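Architecture at a glance
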Amino acid sequence: MSDILEQYRIPAEPYYRPVADEVTLFEAAYAAKMPLMLKGPTGCGKTRFVEHMAWWLGKPLVTVACNEDMTASDLVGRFLLDASGTRWQDGPLAFAARHGAICYLDEVVEARQDTTVVIHPLTDKRRALPLEKKGEFLRAHPDFHLVISYNPGYQSLMKDLKQSTKQRFGALDFHYPAHAVESEIVAHEAKIDVAAADKLVAIAERSRNLKGHGLDEGLSTRMLIHAGELIARGVAPLAACRVALVRPITDDPDMRDALDAAVATFF
Ligand code: ADP
């Protein structure tokens, strides 16, 4: 079992550029066993932050990308049939709770609410997970920690966390970092110079002002890194931005023209 657990350890320090006091707050929440919700738009550093914190705290990290077809059994576990009969297989949540890992449920609102409620007993003083089918009341390992991510921009009445779920978590707000910090991150990740990263960030800032005015979301740090990676491989900046920034984010011809024009003013 320890071999399997080892696979979830993060071997080398993931590069993470702190933006505010999130590292200290995460450490305190971990020590207090307070489950945490990371709130912010897609591609702004939430996953990288959890990876960094798992490495820093020396804990294995079990990540689950949530989706609407996910059932409670997918999280908790199920009996499997094999040659010797039936065998219980812990789901990722039970595995993390049993072995003291950090469990990161990414985009938890994507899961149906009847799936999400299975985390409730793990998030209060019980810190337990009843495995009803197996007849086991699993008490969480002292090192177990639950972290979820949540993009407030996507919420709708149909897709939101219940208040009874939300109120079990502390929350850290994530935003795109300040200009100079974001440039530093893009330059580091894409291996381009800060001057080029600076221009990509300026384009992103323009796009973020268009959120709600034709764009559902502005360009994320992740997208800027994609563009930078193409530039680092010798692709002309205009083409790199077209492929990695403008075309993925919108199908609307007018919006594409507006974004292409923004790119052209910087490159
Ligand atoms: P999210 O989980 O919010 O969707 P990610 O954590 O996957 O986003 O971030 C996308 C990419 O942006 C990361 O892979 C990383 O390269 C970069 N990134 C964003 N913010 C930071 C940061 N503060 N420090 C280091 N890298 C960052």
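Summarised in this report is the structure supplied together with it. All of these numbers come straight from a predicted model, not from anything done at the bench.

1. Some points on the overall build of the protein chain
Scanning the protein chain from terminus to terminus reveals 12 helices and nine strands. Structurally, the protein chain occupies a C-alpha span of about 65 × 40 × 40 Å along its principal axes. In the protein chain, which comprises 267 residues, the proportion classed as buried is 46%. Taking the intrachain contacts of the protein chain between residues at least 6 apart in sequence as the baseline, contacts between residues at least 24 apart amount to 71%. Carbon and sulfur atoms make up 54% of the accessible area of the protein chain, which totals about 13,300 Å². With 31 positive and 36 negative side-chain charges, the protein chain shows a spacing of 4 Å between the two charge centroids.

2. Considering the sheet that holds strand 2 (residues 61-65)
The pairing of strands in a sheet comes from backbone hydrogen bonds and takes either a parallel or an antiparallel form. The parallel open sheet is built from five strands, whose spatial order is 2-5-8-1-9. Every other strand in the sheet has two partners, leaving strand 2 and strand 9 (170-173) as the edge strands with one partner each. When the angles between neighbouring strand axes are averaged without regard to direction, this sheet yields 20°. Bridge count for strand 1 (residues 36-39) against strand 8 (residues 145-150) is four bridges, and the pairing is parallel. The residue of strand 8 that forms the bridge with Leu-36 is Val-147. Sitting on the sheet, helix 2 (residues 22-31) is in contact with strand 1, strand 5 (102-106), strand 8 and strand 9, with an inclination near 135° to strand 8. Packing of helix 3 (residues 46-57) onto the sheet brings it into contact with strand 1, strand 2, strand 5, strand 8 and strand 9, and relative to strand 5 it is tilted by some 175°.

3. What to know about the pairing of strand 6 (residues 128-131)
Pairing of strand 6 with strand 7 (residues 136-139), which is carried by four bridges, proceeds in the antiparallel orientation. Its bridge partner lying in strand 7, Pro-130 is registered against Phe-137. The hairpin formed by strand 6 and strand 7 contains four residues between the paired strands, and Gly-135 there has a positive phi angle of roughly 70°.

4. Re the site of the ligand
What surrounds the ligand is a group of 16 residues, the closest being Gly-43, Lys-46, Thr-47, Arg-48 and Glu-189. Backbone polar atom of Gly-45 to an oxygen atom of the ligand: 3.2 Å apart, as the coordinates give it. Between an oxygen atom of the ligand and a side-chain N or O atom of Lys-46, the distance comes to 2.8 Å. Expressed as a share of its isolated accessible area of 570 Å², the protein-covered part of the ligand is 90%. Among the secondary structure elements, those contributing two or more residues to the shell around the ligand are helix 3, helix 8 (179-190) and helix 10 (221-232). For the shell around the ligand, the per-class residue count stands at six nonpolar, five polar and five charged.

5. Regarding unusual backbone geometry
Residues other than glycine seldom take positive phi values, yet Glu-107 does so here, at roughly 55°. The topology assignment puts Glu-107 in the loop between strand 5 and helix 6 (113-116). Even without being glycine, Arg-127 reaches a positive phi, approximately 40°. Structurally, the position occupied by Arg-127 is in the loop between helix 6 and strand 6.

6. Quick look at the state of the cysteines
Taken as a whole, this structure holds zero disulfides when the rule is applied. Not part of a disulfide, Cys-44 finds its nearest cysteine sulfur in Cys-66, a span of 17 Å. Judged by its relative accessible area of 10%, Cys-44 is buried.

Cut-offs used in this document
- Residues numbered from 1 in each chain as written.
- Predicted model: local features only at pLDDT ≥ 70, side-chain atom pairs only at ≥ 80, totals over all residues.
- Heavy atoms only, no water.
- Helix = DSSP H or I, 4+ residues; strand = E, 2+ residues; numbered from the N terminus.
- Buried < 20%, exposed > 50% of the residue type's maximum accessible area, 1.4 Å probe, protein only.
- Contact = heavy atoms within 4.5 Å.
- Areas by Shrake-Rupley, 256 points an atom, 1.4 Å probe, with all protein chains shown as cover.
- Lys, Arg positive; Asp, Glu negative; His and termini not counted.
- Charge placed at Lys NZ, Arg CZ, Asp CG, Glu CD.
- Pairing = 2+ DSSP bridges.
- Axes fitted to C-alpha atoms, helices over the stretch in contact; angles between N-to-C directions.
- Near = heavy atom within 4 Å.
- Polar contact = N/O pair within 3.5 Å; in protein donor to acceptor, adjacent residues only side chain to side chain.
- Nonpolar A, V, L, I, M, F, W, Y, C, P; charged D, E, K, R; others polar.
- Disulfide = S-S within 2.5 Å.

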